[in-house]
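Chain by chain, the residues run as shown.
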Amino acid sequence: MLALYDELWREIVVGAGNLAYRLALNSLLAALASFPRLAIALVPDDPVRLHALGDAIAAGDPAAAESAARALLEADEPPA
C-alpha cells in the first residue's frame, strides 16, 4: 500500500507541473524512507477514499478532487 500511495502522490505532483512541489515531495519521501514505521502510519487506511481522489483527478473534476482530498484529511484528524 505504501508504494501505491507514494506513486499516487508522485503522479499528483507531476500533474501539477510545479517543480517546487516535486522537490518537496522527493525530500519528504526520502525522509520517510528512513522511518518506514512512520511512513506506513501516515498512509490513509481507507482505499475507497484514495480511489475517489484518483478518480476525480483522472476525470478532471476539481470539485470532486477537493471533496475527496478533504475526506482523506478529515478522516485522519483525531476527534475533538
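Keep in mind the model is a prediction, meaning the values are calculated, not measured.

## Examining the overall build of the chain
- Across its full length, the chain carries five helices and zero strands.
- With the principal axes as the frame, the chain shows a C-alpha extent of 35 × 35 × 25 Å.
- Out of the 80 residues in the chain, the part that is buried amounts to 19%.
- Considering only contacts in the chain between residues 6 or more positions apart, those separated by 24 or more positions represent 45%.
- When the accessible surface of the chain is summed, it comes to about 5,900 Å², and 63% of that surface belongs to carbon and sulfur atoms.
- Taken together, the 5 basic and 11 acidic charged side chains of the chain have centroids lying 7 Å from each other.

## A look at the domain arrangement of the chain
- In terms of domain boundaries, the chain breaks down into domain 1 (1-43) and domain 2 (46-79).
- Relative placement of domain 1 and domain 2: their C-alpha centres are 16 Å apart.
- The partner domain 2 presents five residues to the five residues of domain 1 that form the contact.
- The contact between domain 1 and domain 2 buries some 380 Å² in all, and 90% of this surface belongs to carbon and sulfur atoms.
- Together, M1, L8 and I12 form the three largest contributors to the area buried by domain 1 at its contact with domain 2, with a combined 70%.
- Where domain 1 meets domain 2, there are zero salt bridges.
- At the boundary of domain 1 with domain 2, the tally comes to zero residue pairs in polar contact (both at pLDDT 80 or more).

## Looking at the nonpolar core
- Y5, L8, V43, L50, L53, A56, A65, A68 and L72 together form the largest nonpolar core, which totals nine residues.
- Ignoring anything within four residues of it in the chain, the contact list for L53 reads L8, W9, I12, A65, A68, A69 and L72.

## Some details on the packing of aromatic side chains
- For the coordinates displayed, the defined rule picks out one aromatic pair.
- Between Y5 and W9 the ring centres are 6.3 Å apart and the planes differ by 80°, which places this aromatic pair in the edge-to-face class. Here W9 and Y5 lie together in helix 1 (residues 2-16), a separation of four residues that amounts to about one turn.

Rules used throughout
- Residues numbered from 1 in each chain as written.
- Predicted model: local features only at pLDDT ≥ 70, side-chain atom pairs only at ≥ 80, totals over all residues.
- Heavy atoms only, no water.
- Helix = DSSP H or I, 4+ residues; strand = E, 2+ residues; numbered from the N terminus.
- Buried < 20%, exposed > 50% of the residue type's maximum accessible area, 1.4 Å probe, protein only.
- Contact = heavy atoms within 4.5 Å.
- Areas by Shrake-Rupley, 256 points an atom, 1.4 Å probe, with all protein chains shown as cover.
- Lys, Arg positive; Asp, Glu negative; His and termini not counted.
- Charge placed at Lys NZ, Arg CZ, Asp CG, Glu CD.
- Domains from an automatic or database assignment.
- Buried area = accessible area lost by both parts, 1.4 Å probe.
- Salt bridge = Lys/Arg side-chain N within 4 Å of Asp/Glu carboxyl O.
- Polar contact = N/O pair within 3.5 Å; in protein donor to acceptor, adjacent residues only side chain to side chain.
- Core = buried A, V, L, I, M, F, W, Y, C linked by side-chain atoms within 4.5 Å.
- Phe/Tyr/Trp six-rings, centres within 6.5 Å; stacked < 30°, edge-to-face > 60°.

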